[in-house]
Amino acid sequence: MAKTGVGIEVGSLAAFALGLGANFWAVTGAVAAQEAGERFRDCEACPEMVVVPGGSFTMGSPGTEDGRDEDEEPQHRVTIDYQFAVGVYEVTFDEWDTCALLGGCRGYWPPDAGWGRGTRPVIRVSWEDAQAYVEWLSRTTGQEYRLLTEAEWEYVARAGTRTAWYWGEAESGQCRYANGSDMDAPCSDGYRNTAPAGSFEPNALGLYDVLGNVWEWTADCWNDSYSAAPNDGSEWQTGHCSVRMLRGGSWLTAPSTFRSAQRGRTHAGDRHPDLGFRVARTMN
């Protein structure tokens, strides 16, 4: 059986993707899924999405929050007056490899470091790679897929909470909800590197691994504070745009990086073993 340069059995993946036949492209509830909380897929191999309602929240952290950084201020009110859809899980290797097999994703097959592919979150993908995936997904489904803006990301991560982590104010809750650094965790989360999608409990919106597992690329350019930040949920398109924003922490990082307000950043072309992403979709 033929293999790719990273050891994937192409025949097996082809059976998964191409063997779906007409169902691969079939819309499976996206047209009807307009109510908040509804889940859908735009095709059999597309990420599972959930519809998120609009609303308002306070973005950033208060000065009293342990572990906070100066770039998390000033706190400001953000109002998202539209609903949108967000991936229930981080994009997996299965989803990425289908894209690459079918001619998208610039033909890039990210290495898995020997940890396994399948339903583990795809790693070693840059911001530019993530953009290639959402462009392919948009082109093949006819829907508008994209990365979350930084404000949208914090909105869905908080899921209505105001605490440092969406599970509360104590680091000790981490191992129920997030895969992090074993050396720094206050408990054992059971994984030395990435965990399969959905291995931990979801937040109140039903989203898995929003905190931990892999850092998630967002659409926004890097700015060192929230001064002049958009307050409507839109993408921040000015600033240091060769550097893009990351959110959520990863299997390599300490519990403090899992705070809902924590911000990360790196160059848009970087590919690291704890970089992945989650998709969003504009709702018509």
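Structural data are supplied above this passage.
Here is what the cut-offs are and how they apply
Residues numbered from 1 in each chain as written. Predicted model: local features only at pLDDT ≥ 70, side-chain atom pairs only at ≥ 80, totals over all residues. Heavy atoms only, no water. Disulfide = S-S within 2.5 Å. Buried < 20%, exposed > 50% of the residue type's maximum accessible area, 1.4 Å probe, protein only. Helix = DSSP H or I, 4+ residues; strand = E, 2+ residues; numbered from the N terminus.

1. Quick look at the state of the cysteines
Logical step 1: On inspection of all chains with the given rule, the structure shows three disulfides.
Logical step 2: Between cysteine 43 and cysteine 46 runs a disulfide, and the two sulfur atoms are separated by 2.0 Å. Here the S-S torsion is close to 100 degrees, and the disulfide linking cysteine 43 with cysteine 46 is therefore right-handed.
Logical step 3: Residue class for cysteine 43 comes out buried when judged on its relative accessible area of 1%.

2. Considering unusual backbone geometry
Logical step 1: The omega angle of the peptide bond from glutamate 73 to proline 74 is -5 degrees, so this bond is cis rather than trans.
Logical step 2: Structurally, proline 74 is set in the loop between strand S3 (55–59) and strand S4 (76–80).
Logical step 3: Positive phi values are uncommon outside glycine, yet alanine 113 reaches one of about 60 degrees.
Logical step 4: Position of alanine 113 among the secondary structure elements: in the loop between helix H2 (93–101) and helix H3 (127–141).
Logical step 5: According to the relative accessible area criterion, alanine 113 is partly exposed, its value standing at 45%.
Logical step 6: Backbone geometry places alanine 228, a non-glycine residue, at a positive phi of 70 degrees.
Logical step 7: Along the chain, alanine 228 turns up in the loop between strand S7 (215–222) and strand S8 (240–247).
Logical step 8: On the accessibility criterion, alanine 228 (74% relative accessible area) is exposed.

The values reported here are purely geometric and, on their own, carry no functional implication.
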